[in-house]
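Chain by chain, the residues:
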Amino acid sequence: MNPVNTLEMLKKAYSGKYAVGAFNVNNMEIIQGIVSAAEELKSPVILQASSGARKYAGATYMRKLVEAACEESSIPIALHLDHGDTFELCKNCIDSGFTSVMIDGSSLNYNANIELTKKVVDYAHKYDVSVEGELGSLAGVEDKLNVSEEKSFYTNPEEVEDFVNKTGVDSLAVAIGTSHGAYKFKPGQNPKLRFDILEEIERRLPDFPIVLHGASSVIQKYISEINSFGGDIKEAIGIPEDMLKEAAKKAVCKINVDSDLRLAMTAAIRKNLAENPSNFDPRKYLTPAREAIKEVVKHKITNVMGSVNKA
Ligand code: G3H
Ligand code: 13P
Ligand code: ZN
């Protein structure tokens, strides 16, 4: 199958009360692990490449690797640009075969974000490419915020309605309590998602797909494994999976996961190298690494996304 855009898959996710997993890809083993998990569970999947991933693998390699995965599989797969920050980057991805792009204007002021996002939407829609925008800042969540700090921290549902109407975006990433990376919360902090904001967005914009970035749960068994085989990852805590599962039943239709994949892969490689100190054949440690990616993606599809048998 050719890569598809995300319109149909997110629409079905909304009405079916589940989410589609959007997993970050950087090399062949990661792509193979993700797609093999999704294929086995008959789940749609979004493979997303950041500009860093395109620089690492090479833009052509990245695209061709995903095309190879699509050619060998029968599930719907979207090739998505994660965190595009300029019109030119989005255009380049659209022109080269990406089926979906994110334009992340969240660091700009509100009007500049609208202007940039609309420019990308106008171009992308001519080529049947779907566009994700972002509103709100996904920084680490602090414990004690006063009321006005809270207000500026999370996405404002009133702005969401205006932003979507003015830009024509197909989906929107919002800030309701998630944040990027492995160090989202400190031990003792109580991670929480602002379901009240999510529900208000849904009330104002029924049937509109919402995206959650920074949604890794920072699975503790991988942290322990990394640390027991020579790593040093301290006090990393993520978003509890039951909260994400709850969000997937509401307006959240796309959930982004990168850090949990990185942790699973690193744990597998560290373990394999520690247990086989004389090995120097990369295939021998990249095989369990690919298996670890498959295992964590199967876990997410089953326990967080709820997208088994939705392909
Ligand atoms: O949200 C960002 C993703 O985890 C991608 O990270 O820019 O290091 O590839 P990256
Ligand atoms: P995590 O760092 O929580 O995996 O988030 C990934 C992400 O949002 C990619 O865009
Ligand atoms: Zn992100």
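Residues numbered from 1 in each chain as written. Chains lettered and ligands numbered in written order. Predicted model: local features only at pLDDT ≥ 70, side-chain atom pairs only at ≥ 80, totals over all residues. Heavy atoms only, no water.

**With respect to the sheet that holds strand β3 (residues 77-84)**
Then, number 1: One closed barrel holds the eight strands; their spatial order is β1-β2-β3-β4-β5-β6-β7-β8, and the pairing between them is parallel. Between one strand and the next, the sheet's axes are offset by a mean angle of 25°, whatever the strand orientation.
Then, number 2: The pairing of strand β1 (residues 20-24) with strand β2 (residues 45-50) spans three bridges and is classified as parallel. In the sheet register, phenylalanine 23 faces β2, and the bridge partner there is leucine 47. (Pairing = 2+ DSSP bridges. Helix = DSSP H or I, 4+ residues; strand = E, 2+ residues; numbered from the N terminus. Axes fitted to C-alpha atoms, helices over the stretch in contact; angles between N-to-C directions.)

**Brief notes about the side chain of serine 307**
Then, number 1: Residue position: serine 307 is located in the segment after α13 (282-305).
Then, number 2: When sequence neighbours within four positions are dropped, the list of residues in contact with serine 307 reads Tyr18, Ala19, Lys42, Ser43, Pro44 and Ile301. (Contact = heavy atoms within 4.5 Å.)

**Focus on the nonpolar core**
Then, number 1: Ile34, Val101, Ile255, Leu261 and Val297 are the most contacted members of the largest nonpolar core, which totals 101 residues.
Then, number 2: When residues of this core are assigned to their parent elements, the largest contribution, eight residues, is made by α13. (Core = buried A, V, L, I, M, F, W, Y, C linked by side-chain atoms within 4.5 Å. Buried < 20%, exposed > 50% of the residue type's maximum accessible area, 1.4 Å probe, protein only.)

**Quick word on the site of ligand 1**
Then, number 1: Close to ligand 1 lie Asn24, Ser50, Asp82, His83, His180, Asp258 and Arg262.
Then, number 2: At a separation of 2.6 Å, an oxygen atom of ligand 1 approaches a polar side-chain atom of serine 50.
Then, number 3: Contacts to ligand 1 include histidine 83, whose side-chain N or O atom sits 3.3 Å from an oxygen atom.
Then, number 4: When ligand 1 sits alone it has 310 Å² of accessible area, and the protein chains cover 64% of it.
Then, number 5: Within the shell around ligand 1, the residues separate by chemical class into no nonpolar, four polar and three charged. (Near = heavy atom within 4 Å. Polar contact = N/O pair within 3.5 Å; in protein donor to acceptor, adjacent residues only side chain to side chain. Areas by Shrake-Rupley, 256 points an atom, 1.4 Å probe, with all protein chains shown as cover. Nonpolar A, V, L, I, M, F, W, Y, C, P; charged D, E, K, R; others polar.)

**Overview of the side chain of asparagine 256**
Then, number 1: Along the polypeptide, asparagine 256 turns up in strand β8 (residues 252-257).
Then, number 2: In this structure, asparagine 256 is in contact with Ala22, Gln48, Asp82, Val211, Leu212, His213, Gly214, Ala215 and Ser216, ignoring residues within four places of it in sequence.

**Comments concerning the coordination of the zinc ion (ligand 3)**
Then, number 1: The protein atoms that coordinate the zinc ion (ligand 3) are His83 (NE2), His180 (NE2) and His213 (ND1), at distances of 2.1 Å.
Then, number 2: Expressed as a motif, the donor residue spacing for the zinc ion (ligand 3) is H-x96-H-x32-H. Within this pair, whereas histidine 180 is found in the loop between β6 (171-174) and α9 (195-204), its partner histidine 213 is found in the loop between β7 (210-212) and α10 (220-228), the two being separated by 33 residues in sequence.
Then, number 3: Taking the relative accessible area as the measure of exposure, histidine 213 reaches 1% and is therefore buried. (Donors = N, O, S within 2.8 Å, 3.2 Å for Na, K, Ca; no water.)

**Some thoughts on α13**
Then, number 1: The terminal C-alpha atoms of α13, which comprises 24 residues, lie 32 Å apart, in line with the 34 Å expected from a rise of 1.5 Å per residue.
Then, number 2: Taken together, the buried positions of α13 are occupied by Ala289, Ala292, Ile293, Lys294, Val296, Val297, Lys300, Ile301, Val304 and Met305.
Then, number 3: For α13, the elements touching its buried residues are β1, α2 (28-40), α10, α11 (241-249), β8 and α12 (259-275).
Then, number 4: For α13, the capping residue at the N-terminal end is aspartate 281, with a side-chain oxygen 2.9 Å from the backbone nitrogen of arginine 283.
Then, number 5: In the segment just after α13, glycine 306 is the residue with positive phi, at about 70°. (Expected span 1.5 Å × (residues − 1).)

**What about the site of ligand 2?**
Then, number 1: The full set close to ligand 2 counts 16 residues, and Asp82, Lys184, Ser216, Asp258 and Ser259 are the nearest of them.
Then, number 2: In the model, an oxygen atom of ligand 2 is placed 2.7 Å from a nitrogen or oxygen of the aspartate 82 side chain.
Then, number 3: In this structure, an oxygen atom belonging to ligand 2 sits 2.7 Å away from a side-chain N or O atom of serine 259.
Then, number 4: Protein contact buries 96% of the 300 Å² of open area that ligand 2 shows by itself.
Then, number 5: Sorting the residues of the shell around ligand 2 by element identifies β3 and β8 as the ones contributing at least two each.

**Looking at α10**
Then, number 1: Considered for burial, the residues of α10 that qualify are Tyr222, Ile223 and Ile226. Down the axis of α10, the buried set is contained in an arc of 100°. They therefore lie on one face.
Then, number 2: For α10, the secondary structure elements touched by its buried residues are α12 and α13. (Arc of directions from axis to C-beta.)

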